[in-house]
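Observations on the model geometry
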Amino acid sequence: MSDPELQTFRAEVRAWLEANAPPEIRQPHAETCFAGRRWPYSADQRLWLDRMSARGWTTPTWPREYGGAELSPQQAHVLDQELARLGARKPVENQGVWMLGPALLEYGDEEQKRRHLPPISSGELRWCQGYSEPGAGSDLASLQCRGVQDGDDLIITGSKIWTSHADQCDWIFALVRTEPDAPQHSGISFVLIDMSLPGVSTRPIRLLNGERHFCQTFFDEVRVPLTNVVGGRGRGWSVAKYLLQHERSQIGGAGGASRALGNETLVQYARRLLGDEALAADPRLRQDIIDEQIDSWALEIWMERTRDLAVARQLSSTASSGLKVFGTELAKRRSEIVLAVAGDDGLEAGARASHAWLGWPMSTVGGGTTEIQLNIIAKRELGLPQG
Ligand SMILES: Cc1cc2nc3c(=O)[nH]c(=O)nc-3n(C[C@H](O)[C@H](O)[C@H](O)COP(=O)(O)OP(=O)(O)OC[C@H]3O[C@@H](n4cnc5c(N)ncnc54)[C@H](O)[C@@H]3O)c2cc1C
């Protein structure tokens, strides 16, 4: 698309968003909408989701027949920029949009795409991820949850752990061992499971800060049709790895935004809270803020490249691992600065600054730990010998 065409597109997007984004969605600290049948939508969230989904802008680069708008990467980026300019939240953010959708587009058969992609795009269904098990985290391929074929079905038994928000989700994509005698990575299937089926249950895990982010998810002889296996029986490892690339890019990219800052930059925030005189007297803090700003710009450029690679289906595991490490470490560093600037006020229970500071270290674990990402880069990108 030429520059003038892109400018025309930007003007159209801007006018439409200004006319259609409800007031609540434009608040600096508006709540993320994770959507799905169990989500307690506010009136504005529902309206925003319906309006954006009708245009295909909840999943803008997806094909139209699956709920998207077939925007080019540049157009999708313009949409993101215009949403940010308005301070508007995205209408739906969840693991279906970020992770399962791209994996289904790549590995799903036509029937699976037609059935599962539109309800992700419209926000009707919310998905969770059943990868980790009590004995399989970093060493994911040692998973034991098993699926035994019975006629046209798989009977699934086992449990998953650290399933984010499983008790609020409608479906789960899970890794299941279907060929116990095959080599470790070959006997795994990627299965789509309706959480309302008999035998599926969840038990929330309460965290130290009182939140209930995770669940343990149990499968007790759950009967799932073989048509719900994505990418072929016993070939789920490739699907799983592809999905992880999108998960890691998404987690890394999220390090570019700070909910604790709302619509402010770190510079604006520090100037507002401390005043220029105090800031001028603290060269160490100024240096930290400058480093954060430069790295935030670098992350933006990295994300733009990652988006292009993803749409061109050329995203590599090392690119997404690198983005995850860089983005999450940056966010962790930023949350420390935000807390330092906020001082005692930031430590108050419920304060955004302390919440972000406590929360970001989790992102260096979820989706695979920093150590594992560095191992991937060391092996695949640098060719370093493994210990
Ligand atoms: C916020 C968050 C959300 C999550 N959401 C989900 C979810 O929705 N679904 C899901 O399935 N899972 C989820 N997880 C689980 C996550 O994927 C695992 O916690 C992660 O893969 C690490 O596994 P583990 O906890 O078993 O740690 P372990 O694998 O036991 O690792 C323990 C420590 O040892 C290190 N280590 C392990 N192996 C190596 C190695 N070879 N080289 C160097 N160091 C190593 C690790 O880096 C880590 O520091 C989530 C986790 C978090 C924190």
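Right above here is the structure, for reference.
The structure contained in this document is the topic of the report that follows. (Residues numbered from 1 in each chain as written. Predicted model: local features only at pLDDT ≥ 70, side-chain atom pairs only at ≥ 80, totals over all residues. Heavy atoms only, no water.)

Comments concerning the site of the ligand
Taken together, 20 residues sit near the ligand, with Ser132, Ser138, Trp162, Thr369 and Glu371 positioned nearest. At 3.2 Å from a nitrogen atom of the ligand is found a main-chain nitrogen or oxygen belonging to Trp162. Here a nitrogen atom of the ligand and a side-chain polar atom of Asn375 are 3.0 Å apart. Protein chains shield 64% of the accessible area of the ligand, which is 970 Å² for the free molecule. Taken together, the elements giving at least two residues each to the shell around the ligand come down to strand E3 (153-164) and helix H13 (370-381). Of the residues forming the shell around the ligand, the biggest block, 4 residues, is contributed by E3. Grouping the amino acids of the shell around the ligand by side-chain chemistry returns 7 nonpolar, 12 polar and 1 charged. (Near = heavy atom within 4 Å. Polar contact = N/O pair within 3.5 Å; in protein donor to acceptor, adjacent residues only side chain to side chain. Areas by Shrake-Rupley, 256 points an atom, 1.4 Å probe, with all protein chains shown as cover. Helix = DSSP H or I, 4+ residues; strand = E, 2+ residues; numbered from the N terminus. Nonpolar A, V, L, I, M, F, W, Y, C, P; charged D, E, K, R; others polar.)

Description of a nonpolar patch on the surface
A contiguous nonpolar patch, built from Ile290, Ile294 and Trp297 and spanning about 320 Å² of accessible area, is present on the exposed surface. Turning to its location among the elements, Ile290 is positioned in helix H9 (residues 283-311). Since its relative accessible area comes to 43%, Ile290 is described here as partly exposed. (Patch = residues over 30% accessible without salt bridge, like charges linked within 9 Å, V, L, I, M, F, W, Y side chains within 5 Å. Salt bridge = Lys/Arg side-chain N within 4 Å of Asp/Glu carboxyl O. Buried < 20%, exposed > 50% of the residue type's maximum accessible area, 1.4 Å probe, protein only.)

Section: the nonpolar core
With 35 residues, the main nonpolar core has Leu100, Trp127, Tyr131, Phe173, Leu175, Phe190 and Leu192 as its most contacted residues. Within the residue set of this core, elements represented by two or more residues are helix H4 (95-107), helix H5 (110-121), strand E4 (171-177), strand E5 (188-194) and helix H6 (236-254). Those residues in contact with Leu175, other than ones at most four positions away along the chain, are Gly130, Tyr131, Glu133, Leu140, Leu143, Cys145, Lys160, Ile188, Ser189, Phe190, Gly236 and Ala240. Formed by 18 residues, the second largest nonpolar core is a distinct cluster that contains Val191, Val200, Val224 and Val229. (Core = buried A, V, L, I, M, F, W, Y, C linked by side-chain atoms within 4.5 Å. Contact = heavy atoms within 4.5 Å.)

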